Every structure is written in C-alpha cells, then in structure tokens.
Amino acid sequence: MFRNTKKSALFLQFVSLAVFVALVASLLSIPVAAATTLGAAAAQSGRYFGTAISNGKLGDSAYTTIAAREFNMVTPENEMKPDATEPNQNQFNFTAGDAVYNWAISHGMKVRGHTLAWHSQQPGWMQSMSGTTLRNAMINHINGVMAHYKGKLAYWDVVNEAFNEDGTRRNSNLQGTGNDWIEVAFKTARAADPSVKLCYNDYNIENATYAKTVAVKNMIQDFKNRGVPIDCVGLQTHFTGGSSLPSNFQTTLQNFAALGVDVALTEVDVTQASTTQYQGLTQACMNVSRCVGITVWGVRDSDSWRSSEAPLLFDGSGNKKAAYTSVINALNAAPPVGPTATPARTNTPAPSSNFLTNADMESGTTNWVVNGVGTLSSDTTQFHGGAHSVKITGRTSAWNGIGQNVAVSNFPTSGQNVTVSVWVRSQTGTPTAIATLRLTASTTTYVQLASAAVNSTGWTQLTATVPVSWSGTLTGVLFYVETAAGTDNIYIDDANLHR
Ligand code: XIL
C-alpha cells in the first residue's frame with residue numbers, strides 16, 4: 001500500500017499517537033459539570049423538578065424569576081381543582097388554569113393537572129350532591145376538564161386523597177356513590193385523553209408498612225390485575241404538620257414501582273426545611289428508576305400553605321436555603337442517563353435498560369414477531385398499562401407465541417443473570433404461560449425464564465431472575481411467550497427483559 005517506506009513509517013507513528021490519545025481520553029472520565037438549577041440537575045438523570053404555582057402570584061417578579069429559573073414542571077396549586085374549573089354545574093371556567101398552564105409552557109415547562117375527583121375543594125353545587133346524580137356529575141366534570149386540556153398535560157391527578165389513615169375508604173360524598181367510583185374516574189379519564197398519564201395522589205402513603213400505604217398499594221395491584229387504567233402514584237410527601245421522612249421511604253417507592261406504575265413526589269414540604277429529610281427524600285427518588293420527578297409545594301417559604309413551618313427551598317427573600325443545596329447535590333450525584341451516560345464500574349453491574357423495544361405495546365405490533373404459527377394484532381380491548389396490548393390468534397401448537405428478537409450484544413458472556421417481567425392474559429382459557437429465551441449458538445438452547453397460570457379475567461405477571469448459558473458463539477436471541485399446553489389466544493403487555 002505504501003510505496004515510500006519513510007512516509008509509511010511516519011504515517012504509522014501518527015496513527016499510533018492518535019490511537020494513544022484516544023485511549024487516554026476514553027480512560028479519563030471527564031467529569032460532567034454539576035448543574036446549577038434544580039430542573040437542570042434533575043434532567044441529567046431523566047427526571048423533572050417541579051413546583052406548585054399560584055395564578056395570583058404570577059405578577060410577582062421575584063416569584064416568577066425564581067420559578068422560571070429553577071423548575072421544569074408545574075402543578076397549578078388550586079386552579080385546576082373542581083371548584084375552580086366548574087364553579088356552576090356544567091359551566092366550565094379555565095381562566096385561572098389556563099393562566100398557569102400558559103405561564104409554564106411559555107417557560108418551557110410541563111404541567112401536572114391537579115385534580116379531577118376529590119372530596120375537598122368541590123364547588124358548592126357538588127358538595128350537596130349524592131348518588132347517581134353525583135356519579136354522573138363527576139363523570140361529566142372529568143370529561144369537561146380533560147377535553148379542555150386534551151393532549152396538553154404530562155400527568156393528571158385523577159383521584160386525590162380517597163383513603164383514611166387506617167386504610168379504609170374515606171367517607172366522602174364520592175365514596176357514597178359506590179366503591180367503584182375510583183375506577184370509574186380512571187376509566188373515564190383514559191377515554192377522555194389517552195395521551196396523559198393518569199395518577200392516584202395521596203398524603204401519608206410514604207411509610208411502606210402504614211395501613212394507608214398498604215391499602216393504596218392493594219388498590220393499584222387490583223387495578224393492574226383487572227386492567228383498570230392507572231399509570232402513576234403521587235406521594236404528596238408533606239413532611240409538615242407533624243409528619244416526617246420514614247426510614248423505609250425508598251422501599252415504599254420501590255413497592256409501588258414494582259406494580260408497574262411510575263412514582264413521583266408531588267407536593268413536597270418539610271418542617272423547617274430539614275436538610276437531612278430533604279436530602280433523604282431526594283436520594284430515595286434517585287435510587288428508584290421509576291421515580292420520575294419531585295415537585296415542591298411552592299417556591300418561597302412565604303408562598304407555602306404552611307408558611308409558619310418555613311418548609312420550602314427558598315426563604316421569603318428568595319435566598320436559597322441549606323435544604324436547596326442538599327437537594328441539588330443529591331440530584332447532581334444521580335447517575336446520568338442518555339448518550340453521555342458512562343456505566344459505573346462495579347462488581348455487581350448496574351441493571352441494563354430494557355432489551356425489548358415497544359415493550360409497552362403502545363406502538364402496535366412494531367418489533368413483535370410470531371414464533372411459529374399465528375397472527376399478531378394490536379389490541380385495545382385488553383391492556384395492562386397504556387391502552388394497547390399485543391394479541392396472538394391462530395396458534396396451532398403450545399410453543400407458538402409472541403416474540404421479539406433481542407440483540408446478541410446484550411448477552412456478552414454466558415452464565416449471566418437476566419431479569420424478566422411480562423404481563424399475560426388469556427382470551428378464554430386458563431393456560432400456564434411461559435416466558436422463554438431461544439438461544440442460537442453451536443446448538444439451540446431454550447431457557448425457561450418464568451411461568452405462571454394465567455386467566456381471562458385479569459393480568460398475571462411472569463417474573464424471575466435466571467442465569468442464561470449457552471456454548472459456542474451466540475448468534476441469535478429470541479424472547480417469546482408461549483403456553484405449556486393448548487393454543488389459547490393470549491395477550492401480552494408491559495414486557496421487560498434486562499441484565
Ligand atoms: C392546598 C393549597 O396549597 C392551598 O392553597 C389551598 O387553600 C388548600 O389546598 N393536598 C393537596 C393539595 O392535594 O391540593 C393541597 O393544596 C394540599 C394538600
């Protein structure tokens with residue numbers, strides 16, 4: 001290739017220098033500059049940092065300056081509550097809600113709707129209602145408000161504060177319309193705007209073993225089992241009024257997330273802004289991948305509904321308090337996400353992201369394939385989360401099923417564990433469903449990942465952590481769900497396969 005040996009030697013020297021420089025650069029971990037606002041710091045790990053915003057304060061430039069600088073999510077403090085949005089029956093008023101919404105959007109922020117069905121802050125006409133009249137008024141209210149904000153919001157707190165401290169249902173006029181009022185609210189909400197994430201929101205559900213927390217967890221599990229749409233839980237995290245950070249807070253967040261919902265801290269305030277509690281609650285969220293963000297319940301202490309407890313991150317003069325520093329440091333220390341992320345070098349590798357794409361089945365049958373014989377369809381009558389599942393009909397053998405080819409590069413060495421979770425439902429039968437990996441190497445190996453009896457009345461989760469081994473060079477990996485026997489039509493949803 002090189003006719004002139006001198007030139008070629010020079011060239012080789014240059015190449016080896018370049019390789020050396022590249023090697024040194026890749027070995028040196030160049031630290032990412034710490035973000036200097038709460039929103040930017042949270043965004044590094046794919047999360048948001050929000051605040052409650054009050055329409056009445058949008059004329060206060062000290063307030064809006066801090067809010068615009070620090071936050072990237074807004075919850076209207078009172079402006080989207082039932083008394084504000086439907087002051088007279090069937091006469092909706094979005095003036096104040098829109099003012100907060102427009103302020104947030106014009107500052108590049110997202111908005112969390114708060115709240116559609118609540119025992120408190122109901123308009124007078126609703127307070128005196130009961131029975132079918134109230135049930136229909138609730139449905140009409142959800143439809144009216146959600147139609148106005150359709151496609152515009154990131155989250156809606158569909159139902160707020162429906163439980164007592166002992167885990168029983170709060171004895172409100174809404175509860176009086178029948179125990180199913182919560183699921184009716186969520187089903188109505190999903191139909192009204194399929195684009196927004198639907199949340200249940202409550203206070204005193206931060207302690208994992210507290211009766212109220214357990215009751216909310218059971219309700220969400222029940223909703224997931226029966227296909228009632230729910231996407232997220234908001235923990236208000238008012239560590240004011242006598243409450244404080246429980247030591248098991250992270251466990252609580254993990255327990256909720258394990259049900260297949262996002263979690264968020266939605267109304268944070270802490271008595272005297274305790275730095276240890278602010279640090280601890282932020283760290284707990286950073287440690288749970290499905291904890292999507294934190295919202296504090298106001299900007300400055302003087303803006304707080306509990307201002308006498310000075311519970312926020314800025315003092316009345318707009319100065320950052322010590323708690324601000326503890327929060328932003330915890331946000332900045334969270335592992336970054338996205339293309340700049342460098343995997344931590346530890347002995348127990350951090351979990352990988354999901355190997356499956358379109359794993360929530362919301363993009364139709366994209367990326368899903370038939371293993372053997374059958375026909376796939378995107379189904380909207382049954383879904384575990386979101387509004388779609390993938391269904392297979394026309395199976396002729398038990399091993400026929402819904403599959404997805406997984407990149408071989410996700411399996412660097414034989415013998416490593418993978419964790420699977422997939423939700424399965426039968427159309428009419430009660431087969432045992434099996435999540436399987438087919439590994440193509442020097443021979444073809446089938447690894448049974450997880451199995452469970454499934455049925456046609458609810459969703460069943462198949463989940464396990466299993467070592468995956470093969471011999472020779474791995475050239476193909478297929479993940480699929482089959483049944484132990486029979487050819488029932490089955491649905492799958494919310495699949496996750498990771499190391
Ligand atoms: C509070 C507001 O901060 C006050 O301005 C209002 O007077 C009462 O409501 N849980 C919730 C919030 O879900 O909507 C409440 O906000 C605080 C408790």
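Residues numbered from 1 in each chain as written. Predicted model: local features only at pLDDT ≥ 70, side-chain atom pairs only at ≥ 80, totals over all residues. Heavy atoms only, no water.

**Focus: unusual backbone geometry**
Working step 1: With an omega of 0°, the peptide bond between H114 and T115 qualifies as cis.
Working step 2: Position of T115 relative to the elements: it lies in strand β3 (residues 110–118).
Working step 3: Although it is not a glycine, Q121 sits at a positive phi angle of roughly 45°.
Working step 4: Along the chain, Q121 falls in the loop between β3 and α6 (124–127).
Working step 5: For Q121, a relative accessible area of 27% gives the class partly exposed.
Working step 6: Backbone geometry places E161, a non-glycine residue, at a positive phi of 60°.
Working step 7: Here E161 is to be found in the loop between β4 (155–160) and α8 (181–192).
Working step 8: With a relative accessible area of 10%, E161 lands in the buried category. (Helix = DSSP H or I, 4+ residues; strand = E, 2+ residues; numbered from the N terminus. Buried < 20%, exposed > 50% of the residue type's maximum accessible area, 1.4 Å probe, protein only.)

**Looking at the pattern of salt bridges**
Working step 1: Throughout the structure, instances matching the rule amount to 15 salt bridges.
Working step 2: With a closest N to O distance of 2.9 Å, R290 and D262 form a salt bridge. Remark: D262 occurs in strand β8 (residues 262–270) and R290 occurs in the loop between α11 (275–286) and β9 (291–296); sequence separation between them is 28 residues.
Working step 3: Judged by its relative accessible area of 31%, R290 is partly exposed.
Working step 4: Notably, a salt bridge pairs K321 with D301, separated by 2.7 Å at the nearest N-O pair. On the criterion of sequence distance, the pair formed by K321 in the loop between β9 and α12 (322–333) and D301 in the loop between β9 and α12 is long-range, its members being 20 residues apart. Of the two residues, K321 and D301, both sit in the buried class.
Working step 5: Where salt bridges share partners, they join K57, D60, R300 and D303 into one cluster. (Salt bridge = Lys/Arg side-chain N within 4 Å of Asp/Glu carboxyl O.)

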